[in-house]
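Here's the letter readout for the chains.
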Amino acid sequence: MVCNGLETLTDNTIKGILSFPTSCDYYFYGKIMGAFFIILSFILYYRDRTDKLVLKPDMLSCMGVSAIATMIISLFMTFLNMVQPDVFIEIIVVGMIFVSIWLIKK
Amino acid sequence: MASFFELFVKFMFIGLISFSLFAFTITTQEENNVDNPIIENSLIESTYSSLSEDLGGLRDKGQAQKTLFESENPTSGFGTILLFSIVSAGKVFNGMVIGIFNTLIKLLIVFLGLDPIIVSVISTLLILTIIVGLWSIYKLGG
């Protein structure tokens, strides 16, 4: 994939600079949020595993909590046009699946 | 054994959390003048209003069923007490579970392209769980 160079950047505001990568890859920040979700889930899970107070660590609950955090951070990213509306809706829908599974399993 | 009460509580919580997420997102985006808020999407708007309608009507429906339950005179049956109002409560509240499920599954079908076969299997599992749960309520009272 060949993307435009920074010399083509016309909007020099913070909003413009931050939203520049989405002109090349529409899912740029969507992928970052996906990676953030996975990393946060594992951090929470391994923290629970090493915590002696938690008798049985649960991956699904960690994923549910991470999904809520990812959705809220994505919401704040929409203010700066970083996460595009369609991508944000997909993040919300996928996040709601994890939250629903977490609540059903509980 | 499937417990209808547990299923109902779980679905109401899922509906409530989904509704809260939508409400928080829509309000925050409105207050911060986001260029393309998600409420402009017709499906998100219809989902939000359906959830609001379903959860908002819960109190009235619950109250109506409570009044019906209180007004009934129990009849003694073979080793049990017969209360037909529990059947009416089961019919009303299982409709709410199905309603919330249908509202939320539409999002998955449209935005994630969920296959109709998967939806069909999940719906069947849910309906069977509801039927078994309701039957245990009618039979044993809980």
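Computed from a prediction, not measured in an experiment: that's the story for all the values here.

About the cut-offs
- Residues numbered from 1 in each chain as written.
- Chains lettered and ligands numbered in written order.
- Predicted model: local features only at pLDDT ≥ 70, side-chain atom pairs only at ≥ 80, totals over all residues.
- Heavy atoms only, no water.
- Helix = DSSP H or I, 4+ residues; strand = E, 2+ residues; numbered from the N terminus.
- Contact = heavy atoms within 4.5 Å.
- Salt bridge = Lys/Arg side-chain N within 4 Å of Asp/Glu carboxyl O.
- Buried < 20%, exposed > 50% of the residue type's maximum accessible area, 1.4 Å probe, protein only.
- Buried area = accessible area lost by both parts, 1.4 Å probe.
- Polar contact = N/O pair within 3.5 Å; in protein donor to acceptor, adjacent residues only side chain to side chain.
- Nonpolar A, V, L, I, M, F, W, Y, C, P; charged D, E, K, R; others polar.

A. Representation of the side chain of T78 of chain A within the structure. With respect to the helices, strands and loops of the structure, T78 of chain A is situated in helix α3 (residues 59-78). Look past the residues within four positions of T78 of chain A in its chain and what remains in contact with it is V83 and F88 of chain A together with Q29 and V34 of chain B.

B. Inspection of the pattern of salt bridges at higher detail. Residues and elements named next belong to chain A. According to the stated counting rule, one finds five salt bridges over all chains in the structure shown. D48 is the partner of R47 in a salt bridge, and the nearest nitrogen-oxygen pair spans 3.8 Å. The exposed category is assigned to R47, whose relative accessible area is 53%. On the basis of relative accessibility, which here comes to 14%, the residue D48 falls in the buried class. D58 serves as the salt-bridge partner of K105, at 3.2 Å between the closest nitrogen and oxygen.

C. Up close: the environment of I73 of chain A. Residues and elements named next belong to chain A. Tracing the backbone through its elements, the reader meets I73 in helix α3. Classification of I73 as partly exposed rests on a relative accessible area of 33%. Residues I73 and D51 lie 22 residues apart in sequence; the distance between their C-alpha atoms is 26 Å.

D. Focus on the interface of chain A and chain B. Each side of the interface is counted separately: chain A has 21 residues, and chain B has 23 residues. Summing the contributions of chain A and of chain B, the shared interface buries around 2000 Å²; its carbon and sulfur component is 82%. A per-residue breakdown of the area chain A buries against chain B is headed by I89, M96 and L103 of chain A, which together make up 27% of the total. Taken together, the links from chain A to chain B amount to one salt bridge. K15 of chain A is the partner of D35 of chain B in a salt bridge, and the nearest nitrogen-oxygen pair spans 3.9 Å. For the interface between chain A and chain B, the tally reads three residue pairs in polar contact (both at pLDDT 80 or more). Of all the secondary structure elements, the ones that give two or more residues to the side of chain A that touches chain B are α3 and α4 (85-105) of chain A. Element by element, the count of residues in the side of chain A that touches chain B is highest for α4 of chain A, at 13 residues. Residues of the side of chain A that touches chain B, tallied by class, amount to 15 nonpolar, three polar and three charged.

Geometric descriptors of this kind do not, in isolation, establish any biological role.
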